[in-house]
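Working through the structure, step by step
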Amino acid sequence: MVSDEIMSRPMIECDNLVKIYKTKDIEVLALQGLDISIEQGELMAIIGNSGSGKSTFLNMIGGLDRPSAGRLFVDGKDLFKLNEQELVDYKRKTVGFVWQNNARNLLPYLTAWQNIQMPMLFESTTKKKDRALELLDMVGLSHRKNNRLDQLSGGEQQRIAIAIALANNPKVLLADEPTGAVDAKTAAYILDMFRDINRNTGLTIVIVTHDRQLTKKVHRVASIRDGKISSERLMKQSYRDRLTDISSFTEEHEVQDEFAVLDRVGRLQIPHEMLEKLQIKDNKVRIELVDGRIIIENPEN
C-alpha cells in the first residue's frame, strides 16, 4: 500500500539549491539558494534573463550536472546521493529532455520511427516499433514515419524530438526553449501538443522559455533572477478551462495573478519593472504596514 506521504510528495522539490561553477581563476554562482516545489502533473514554465540560472536549474533536474549544495529530490530520488550508475538509470527512466537544438535528439541517417526507437534499444520492452509508431501518432507525424532528418521541417524535427523524449515513459519531461527555433504558428502547435500530453497522461512538464505566448498558456510561471525564484504567476481560475481563448493580444495580467516569492528568511525580490516604475535610484525603499498591507514606496516621495 502506498503511504500518504508518498502520495502527497511533490514530483520535484528544491531546497536552498546552490550551483557553483569553478575555473582556475574564477567562481560563478549560478544558483544562489533556489527553492521551488513542483507537483506531480503540473505544466509550468520557467523564465528569466540570460545568465539568471534557468538552464542551470533544468540541467540539475535532468541529472546533467551535479548541484553544489542544498537538497534536490525528483520522484522521491535524492539526486545528491545517486552514484554514477544510478544517475544513468535516472536519466534513462525518470526524465525526458527536449532541446532547442534538436540535433542533440536526432540522428540524421535514421528515419523518424527509428530515431524514436533508439532510447528503447537498451530496455527489455518488446514491440519497440509499435511504441515508436504510437508516439509518432501522438505528435501527429504518422505520415512521416519513413522520412529522414533532411526530409523534415524544423517544426517536424522538434515534434520527433518530443516523441524521443517520451519513448521510455519518463515521470518528468524537461524542455529547454523548445519553440526557440520555429515560427509562431509551429510554436503554438508545439505548445498545444505539450498541453495535450500533460492533460492525457498526467506527465509533469517543465519548460524553460522566452516565448510570451507559451507562458500565458501554462498553469504556473516561475521567474528566476540572480539564481533564485523571484516571483510566480498563477493562471486565474476563470481562464483554466478557456485556454484556447487566450491569444497573442491577451495581456499576461488578464490571464495570471503575479506573486512575489518569499525565501526561508522572509526575503523577496521585487520585479525589476515595478522598481523602475517607482523610480528607485539606490538600494533603499520605504516600507510600511498599513491596514494589513505592506506598502513599498520611493523614499524620496
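Let me begin by describing the structure that accompanies this report. (Residues numbered from 1 in each chain as written. Predicted model: local features only at pLDDT ≥ 70, side-chain atom pairs only at ≥ 80, totals over all residues. Heavy atoms only, no water.)

1. Here we look at the overall build of the chain
A count of helical and extended segments in the chain gives 11 helices and 13 strands. Of the contacts made within the chain by residues no fewer than 6 positions apart, 63% connect residues no fewer than 24 positions apart. (Helix = DSSP H or I, 4+ residues; strand = E, 2+ residues; numbered from the N terminus. Contact = heavy atoms within 4.5 Å.)

2. Concerning helix 7 (residues 184–201)
Here helix 7 spans 26 Å end to end across 18 residues, near enough to the 26 Å set by a 1.5 Å rise per residue. Among all positions of helix 7, only A187, I190, L191, M193, F194, R195, I197 and N198 are buried. Next to the buried residues of helix 7 lie strand 3 (43–47), helix 5 (128–138), helix 6 (154–165), strand 7 (172–176), strand 8 (204–208) and helix 8 (212–215). Where helix 7 starts, the residue carrying a side-chain oxygen 3.2 Å from the main-chain nitrogen of K185 turns out to be D183. Residue G202 follows helix 7 closely and has a positive phi angle near 75°. (Expected span 1.5 Å × (residues − 1). Buried < 20%, exposed > 50% of the residue type's maximum accessible area, 1.4 Å probe, protein only. Polar contact = N/O pair within 3.5 Å; in protein donor to acceptor, adjacent residues only side chain to side chain.)

3. Structural notes on the sheet that holds strand 4 (residues 69–74)
Reading across the sheet, the four strands line up as 2-1-4-5 and stay open at both edges, with antiparallel pairing between neighbours. If you trace the sheet from one side to the other, it starts and ends with strand 2 (27–38) and strand 5 (77–78), each paired once. Two elements, strand 1 (residues 12–22) and strand 4, share five bridges in a ladder whose sense is antiparallel. By the bridge assignment, V18 is partnered in strand 4 with A69. (Pairing = 2+ DSSP bridges.)

4. Describing the nonpolar core
In this structure, I116, I160, I162, L173, F194 and I205 are the most contacted members of the largest nonpolar core, which totals 38 residues. Looking at this core, the elements that each hand over two or more residues are strand 3, helix 4 (112–117), helix 5, helix 6, strand 7, helix 7 and strand 8. Ranked by the residues each element gives to this core, the list is headed by helix 7, at six residues. Residues within four places of F194 in sequence aside, it is in contact with I162, L173, A175, P178, I205 and I207. Counting residues in hydrophobic clusters, the runner-up holds 30 residues, among them M44, M60, I61 and L82. (Core = buried A, V, L, I, M, F, W, Y, C linked by side-chain atoms within 4.5 Å.)

5. Topic: the packing of helix 6 against helix 7
Contact pair helix 6 / helix 7: the axes reach a minimum separation of 10 Å and the direction vectors enclose 15°. By the criterion of interaxial angle, the relationship of helix 6 to helix 7 is roughly parallel. Judged by the twist between their axes, the crossing of helix 6 over helix 7 is right-handed. Judged by residue contacts, G155, Q158, R159 and I162 of helix 6 engage T186, Y189, I190, M193, F194 and I197 from helix 7. Across the contact of helix 6 with helix 7, the residue classes break down as six nonpolar, three polar and one charged. (Axes fitted to C-alpha atoms, helices over the stretch in contact; angles between N-to-C directions. Parallel < 35°, antiparallel > 145°, perpendicular 65-115°, else oblique. Left-handed = near helix turned anticlockwise from the far one by under 90°. Nonpolar A, V, L, I, M, F, W, Y, C, P; charged D, E, K, R; others polar.)

6. Concerning unusual backbone geometry
Notably, D75 is not glycine yet its phi reads approximately 50°, a positive angle. Although it is not a glycine, E177 adopts a positive phi angle of roughly 50°. Structurally, E177 can be placed in the loop between strand 7 and helix 7.

7. A word on the environment of V139
Inspection of the secondary structure puts V139 in the loop between helix 5 and helix 6. Judged by relative accessible area, V139 falls into the buried class, the value being 1%. Between the C-alpha atom of V139 and that of M193, which follows or precedes it by 54 residues, the distance is 7.0 Å. Once residues within four sequence positions are removed from consideration, V139 is found in contact with R159, A163, Y189 and M193.

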